[in-house]
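Tertiary structure, described
For reference, the chains in residue letters:
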Amino acid sequence: MPICQHCGHPWSRLETIKASFTLGAAMTCPNCETKQYLTPQSRKKGTYFSLLVPVFLLVTSLLGLGWLSFFLYIGTVSAAFYFFYPPTVELTDEEKPLW
Ligand SMILES: [Zn+2]
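Residues numbered from 1 in each chain as written. Predicted model: local features only at pLDDT ≥ 70, side-chain atom pairs only at ≥ 80, totals over all residues. Heavy atoms only, no water.

1. Remarks on unusual backbone geometry
The backbone phi angle of E33 is positive, close to 60°, even though this residue is not glycine. Its location among the elements puts E33 in the loop between β1 (26-28) and β2 (35-38). Assessed through its relative accessible area of 62%, E33 is described here as exposed. (Helix = DSSP H or I, 4+ residues; strand = E, 2+ residues; numbered from the N terminus. Buried < 20%, exposed > 50% of the residue type's maximum accessible area, 1.4 Å probe, protein only.)

Set out below in C-alpha cells:
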C-alpha cells in the first residue's frame, strides 16, 4: 500500500482509490493534505489497468457478446481494480517525468 512521503501515513485501499480519481497529477494525502505524486513506474502500472476497459469493449464487439457480459466484465474489472491496483501505487513528494 502507498505511504505518504511527507508524513509517513500508510494510505488505506479506499483512500488510495479515492485519491486516484483526480484530474490532475497530484493526489492529496488524507492525513497531512500535502500533494503526493505517482512514481513513473507506478503510473506505467496504472496505465495497464486502464487498458482493460477498451480491450474488453473490442472483444465484446468482435464476439457479439451482450449487455450481461458487459456488466459482468465491468464488475470484474472494478473488483480487480479495488484489490490489485492500490498495492501497485508508490508515492513521491515531487512530480517526475514519465520517461
Ligand atoms: Zn501525508
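2. Considerations on the sheet that holds β1
Reading across from one edge, β1-β2-β3 is the order of the three strands in this open sheet, with antiparallel pairing throughout. Two strands in the sheet have a free side with no partner beyond their single neighbour: β1 and β3 (91-92). (Pairing = 2+ DSSP bridges.)

3. Examining the environment of A80
Tracing the backbone shows A80 in helix α4 (residues 67-84). Given a relative accessible area of 21%, A80 falls into the partly exposed group. Sequence separation between A80 and L98 is 18 residues, and the spatial gap between their C-alpha atoms is 24 Å. Apart from the residues within four sequence positions on either side, A80 is in contact with F49 and Y85. (Contact = heavy atoms within 4.5 Å.)

4. Section: the UniProt feature "transmembrane region" (unreviewed entry) in the protein chain
Mapped onto the present numbering, the UniProt feature "transmembrane region" (unreviewed entry) falls at residues 51-84. Here residues 51-84 runs as 88% helix and 0% strand, with 14 Å between its end C-alpha atoms. (UniProt positions renumbered as here; feature names shortened; annotations may be inferred.)

5. Some details on the coordination of the zinc ion
Here the zinc ion is held by C4 (SG), C7 (SG), C29 (SG) and C32 (SG), and the distances to it run 2.3 Å. Angles of 106 to 116° at the metal separate the four donor atoms of the zinc ion, which places the site in the tetrahedral class. In the primary structure, the donors to the zinc ion are separated according to the pattern C-x2-C-x21-C-x2-C. Residue classification places C29 among the buried residues on the basis of a relative accessible area of 0%. (Donors = N, O, S within 2.8 Å, 3.2 Å for Na, K, Ca; no water. Tetrahedral: all angles 85-135°; square planar, octahedral: opposite > 155°, others 65-115°.)

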